[in-house]
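# Summary of structural features
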Amino acid sequence: SQTEREDRIEGISAGALDHIAKPVDLADLRVRVRNAAQVKRLFDQSEGRYHRIRELEFLRDSLVHMVVHDLKSPLTMIRGNLDLLGMIVGGSLVPDDRRIFEACVDGAEQMTRMVNSLLDLNKIESGAMKLVLREVRILDVLQEARSSLGKVGANRLVVSANPFEGDDAVECDRSLVKRVAVNLFANALSYTPRPGRVAVTVTPEPHSVRFEVKDGGPGIPEEFREKIFEKFFQLDHTREVRKDSTGLGLAFCKLAVESHGGTIGVTDGPESGSVFWVDLPRVPNPPVSGS
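Reading guide: rules and limits
Residues numbered from 1 in each chain as written. Predicted model: local features only at pLDDT ≥ 70, side-chain atom pairs only at ≥ 80, totals over all residues. Heavy atoms only, no water. Helix = DSSP H or I, 4+ residues; strand = E, 2+ residues; numbered from the N terminus. Buried < 20%, exposed > 50% of the residue type's maximum accessible area, 1.4 Å probe, protein only. Contact = heavy atoms within 4.5 Å. Areas by Shrake-Rupley, 256 points an atom, 1.4 Å probe, with all protein chains shown as cover. Pairing = 2+ DSSP bridges. Axes fitted to C-alpha atoms, helices over the stretch in contact; angles between N-to-C directions. 1 Å grid on protein atoms, 1.4 Å probe; cavity = no way out; pocket = protein on both sides within 12 Å on 5 of 7 lines; lining within 4 Å. Points joined across faces, edges and corners; volume = space filled by probe spheres on them. Nonpolar A, V, L, I, M, F, W, Y, C, P; charged D, E, K, R; others polar. Salt bridge = Lys/Arg side-chain N within 4 Å of Asp/Glu carboxyl O.

## Some details on the overall build of the protein chain
When its secondary structure is counted, the protein chain shows seven helices and seven strands. Each helix and strand of the protein chain, ordered N terminal to C terminal, gives the series α-α-α-β-α-α-β-β-α-β-β-α-β-β. Residues classed as buried in the protein chain amount to 31% of the 291 residues present. Intrachain contacts of the protein chain at a sequence separation of at least 6 include 69% that bridge at least 24 residues. For the protein chain, the exposed area adds up to about 18,500 Å²; of that, 56% sits on carbon and sulfur atoms.

This is the structure we're talking about:
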């Protein structure tokens, strides 16, 4: 009847997986009980596998964190000695030796970024990282990030601001946002064939300030545009995977931006390549006195 049908639908909507009609048919009851038991076994197996995967992920993250933490001290020593060596003999190196030396410095800087990204990923995920919020201009932070990439990298980055009224002030952790920019800049430079340049633009919007980083690479398929921000994910389909890529830089950027209440994403470039964008909440205008 219509009433029985409505009752069955209501029961299923409430979470019931099956129903038994009266009078009870024993053969039908045995089949339904067997099926229910099989569903329960499959559920228990799936739940057990899920918890095992979570345990393995925790062990992996703990091991990686321990190893990376132990790497930080010797890496700091390597960078310090390279800086000292550059001051002592840097000016007397012949071109070939200078290229080798600069490659060593670049490698040490890449390793430092990887180590810091992983350590900070762990801090953000565990809630141990406390943001030091100050009102800053995004354009100033981006210029600092550009300068930190060294002369060669800085020369290939063009930072500009679109015409706008007002300013580009945001309330953020300056150091953290600077590292987000450095990661995005370094990523864009690595995928932009030399001597191509990377365009960085700042555009204040009504409730946020957006900065965009456009690279000259092959682009990112739409189905991977969310996955590239996952930890340890490496895209190896249309973009060549770099030997120094760990899949941590973009994951760090996403967590750092979202910890500020902002958003991050990627779209196709106007003609080619990709455009990574970051939106950070604007500092609200102070109330007008006497209003």
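Moving on from the model shown.
## Structural notes on the sheet that holds strand β6 (residues 263-268)
Spatial ordering of the open sheet is given by β2-β4-β5-β7-β6, a layout of five strands whose pairing is mixed. Two strands lie at the open edges of the sheet, namely β2 (157-161) and β6, each paired on one side alone. Strand-to-strand twist of the sheet, defined as the mean angle between neighbouring strand axes without regard to direction, takes the value 20 degrees. Across five bridges, β2 lies against strand β4 (residues 198-204) in parallel orientation. What sits directly across from V158, in β4, is A199.

## A word on empty space enclosed by the protein
Gaps left between atoms are located by rolling a probe of water-molecule size over the structure's atoms. Under the criterion given, the structure shown has one cavity of 30 Å³ or more. Of the voids in this model, the largest cavity is the one considered here, and its volume is about 40 Å³. Every residue lining the largest cavity is listed: V177, V180, F211, A256, V257, H260, V278 and L280. Listing elements by their share of the lining of the largest cavity, those giving two or more residues are α6 (174-190), α7 (249-259) and β7 (274-281). Its residues placed into classes, the lining of the largest cavity shows seven nonpolar, one polar and no charged.

## Here's the deal with the pairing of β4
Most of β4 is tucked away, with five of its seven residues classed as buried. With six bridges joining them, β4 and strand β5 (residues 208-214) adopt antiparallel strand pairing. Among the inter-strand pairings, P204 is bridged to a residue of β5, identified as V209.

## As for the pattern of salt bridges
Across all of its chains, the model carries nine salt bridges by this definition. We note a salt bridge from D44 to K40, for which the minimum N-O separation is 2.7 Å. Of the two residues, D44 and K40 both sit in helix α2 (residues 26-89), four residues apart, roughly one turn of that helix. The salt bridge partner of E258 is K254, with a shortest N-O separation of 2.7 Å. Residue E258 and its partner K254 are both found in helix α7; the two are separated by four residues, about one turn of the helix.

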